[in-house]
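# Descriptive analysis of the structure
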Amino acid sequence: MGHLDDDVAAYVDGQLPESAALAARRHLEVCEPCRWAVAQQEALKERMRQAGGPAVPHTLMASLAQLPDARIEHEPWSSRLRRSRTARVSVGVLGSCVALLAVAFALGAPDDGVDEVSPPFEAYVAAFAGASATPVLATGSPIDDVQAERLTAEGWPCHHTLAGDLRREHGSQDASTVALSYGNGTHRLDLYEQQGALSEAAVRGFTRTTVAGSPVWMSAGRPTILTWDADGLVYTVVTDAGTDRIGRTLAELPTPVATDDPSVPERVGDGFARMAGWLSDAA
Ligand SMILES: [Zn+2]
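Our subject in this report is the structure included herewith. Since this is a predicted model, take the numbers as computed values, not measurements. (Residues numbered from 1 in each chain as written. Predicted model: local features only at pLDDT ≥ 70, side-chain atom pairs only at ≥ 80, totals over all residues. Heavy atoms only, no water.)

### Observations regarding the overall build of the protein
When its secondary structure is counted, the protein shows 11 helices and 11 strands. Within the protein, the proportion of its 283 residues that are buried is 42%. Pairs at least 24 residues apart make up 60% of the contacts formed inside the protein by residues separated by at least 6 positions. Surface accessibility of the protein: about 14900 Å² in total, with carbon and sulfur atoms responsible for 54%. (Helix = DSSP H or I, 4+ residues; strand = E, 2+ residues; numbered from the N terminus. Buried < 20%, exposed > 50% of the residue type's maximum accessible area, 1.4 Å probe, protein only. Contact = heavy atoms within 4.5 Å. Areas by Shrake-Rupley, 256 points an atom, 1.4 Å probe, with all protein chains shown as cover.)

### Considerations on helix α10 (residues 243–251)
The set of residues buried in α10 consists of Ile246, Gly247, Thr249 and Leu250. All buried residues of α10 project into a common sector of 160 degrees when viewed along the axis, lining one side. Along α10, the residues that are exposed and aim more than 90 degrees away from the buried face are Asp244 and Ala251. (Arc of directions from axis to C-beta.)

### Here we look at the packing of aromatic side chains
Within this structure, the stated rule accounts for four aromatic pairs. Measuring from centroid to centroid gives 4.8 Å for Phe121 and Phe206, while their planes differ by 40 degrees, and the two rings are tilted. Linking Phe121 in helix α7 (residues 121–128) with Phe206 in the loop between β7 (197–198) and β8 (207–211), this pair joins segments that are 85 residues apart in sequence. When its relative accessible area of 15% is taken as the criterion, Phe206 is described as buried. Both rings, one in Trp228 and one in Tyr235, keep their centres 5.4 Å apart while their planes meet at 10 degrees; by these two values the pair is stacked. Grouping residues by exposure puts Trp228 and Tyr235 together as buried. (Phe/Tyr/Trp six-rings, centres within 6.5 Å; stacked < 30°, edge-to-face > 60°.)

### Section: the pattern of salt bridges
One pass over the structure, following the stated rule, counts six salt bridges. For the salt bridge of Arg35 with Glu32, the shortest nitrogen-to-oxygen distance reads 3.1 Å. Here Arg35 and its partner Glu32 are both found in helix α3 (residues 32–51), three residues apart, which amounts to about one turn of the helix. Salt-bridge contacts for Arg188 lead to Asp190; the nearest nitrogen and oxygen are separated by 2.9 Å. When its relative accessible area of 25% is taken as the criterion, Arg188 is described as partly exposed. (Salt bridge = Lys/Arg side-chain N within 4 Å of Asp/Glu carboxyl O.)

### What to know about the coordination of the zinc ion
Binding of the zinc ion to the protein goes through His3 (ND1), His27 (NE2), Cys31 (SG) and Cys34 (SG), at separations of 2.0 to 2.3 Å. Geometry at the zinc ion is tetrahedral, judged from its four donor atoms and the angles of 105 to 119 degrees they form at the metal. Positions of the donor residues of the zinc ion along the chain correspond to the pattern H-x23-H-x3-C-x2-C. Note that His3 is positioned in the segment before α1 (8–12) and Cys31 in the loop between α2 (18–30) and α3, a separation of 28 residues in sequence. (Donors = N, O, S within 2.8 Å, 3.2 Å for Na, K, Ca; no water. Tetrahedral: all angles 85-135°; square planar, octahedral: opposite > 155°, others 65-115°.)

### Observations concerning α2
Taking 1.5 Å as the rise per residue, α2 with 13 residues should run 18 Å; its terminal C-alpha atoms sit 19 Å apart, in good agreement. Residues of α2 that are buried: Ala21, Ala24, His27 and Leu28. Along the axis of α2, the buried residues cluster in a sector spanning 125 degrees; they form a single face. Exposed side chains of α2 directed beyond 90 degrees from the buried face belong to Glu18, Ser19, Arg26 and Val30. (Expected span 1.5 Å × (residues − 1).)

Structure representation (C-alpha cells):
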C-alpha cells in the first residue's frame, strides 16, 4: 500500500477495518514519514486531551482537598497524568511498529503535564550560518508539500510562504521538532517548532518584547532570534530579515495573547470553568 495519508487519524483512533489496519501496520514498519505522522497524531490527541483539563497547582489542589465536603482525590495532577499516560502507552504496545512508536512517544511525554523545552539556539544559529546542519535537518525526514499540508492541518504550521515573499525551501522533521527554512534570495528565515512549553531558563539573555501585538523573547543581532510558545508548541525563528518581515511572519503564526489584552480576564474565567468541570469529573 502507499502512504497512510488521510487514514492516519482513523488508524490512531482504531477505526480502520482489520485488513486495512494490518496493511497500515506493515507499512509503518518500513515508512518513517508515516510513523512520524502517526506519532504526531497521537501527540495531537494527547494535547487535545490535556487542553480539557489544565494543570492545577499542587498548593491549590492541597487546599481544595482540605475543604470539608470536597471529595477530591488527593493526588498530584502530575501523577494522575503519568498514570494515564502509562496506561495509554501499554495499550499502544500491540505490534512491533506500534511499540516503537510508543517508545518514541513516551520519550517525548511530558513529566508535569507539559514538556519544558530549551531550544538549542546555538545549533540553530550555526545552521543558519551554514556552519552545520541541525540534528533535525541532518537525521530527520524531509517534509514535502503533501506532508506540509498535513502537518499544518494537524497544528504544526508549515506554510508555503511567510511574510509574502519568503518561500519554504527546505523542511525536515524528527520525533520532536519540525524545522523549516524560508528564503527570498536576499533574506533567510529558519523556523523551528517543538512540542511543549518554553523553559524560562532557556531565554536568559533574551529581551521580552512585543512583535505584531504578541509578547515574545528576542535576541537581536545577526541573525536575530525570536522564540515563544503558543498552543502547546515552542516556536523559534532565526532570521536576517528586517522587522517588517519578522512582524508579518509572527502575525501568520500562532502567538501568545498579550497580557494587557482585555480578553485575558475572560480566558482566566474559561480556565477556571474548565478546572471546575474537571474537579466535578474527579469527585
Ligand atoms: Zn508511508
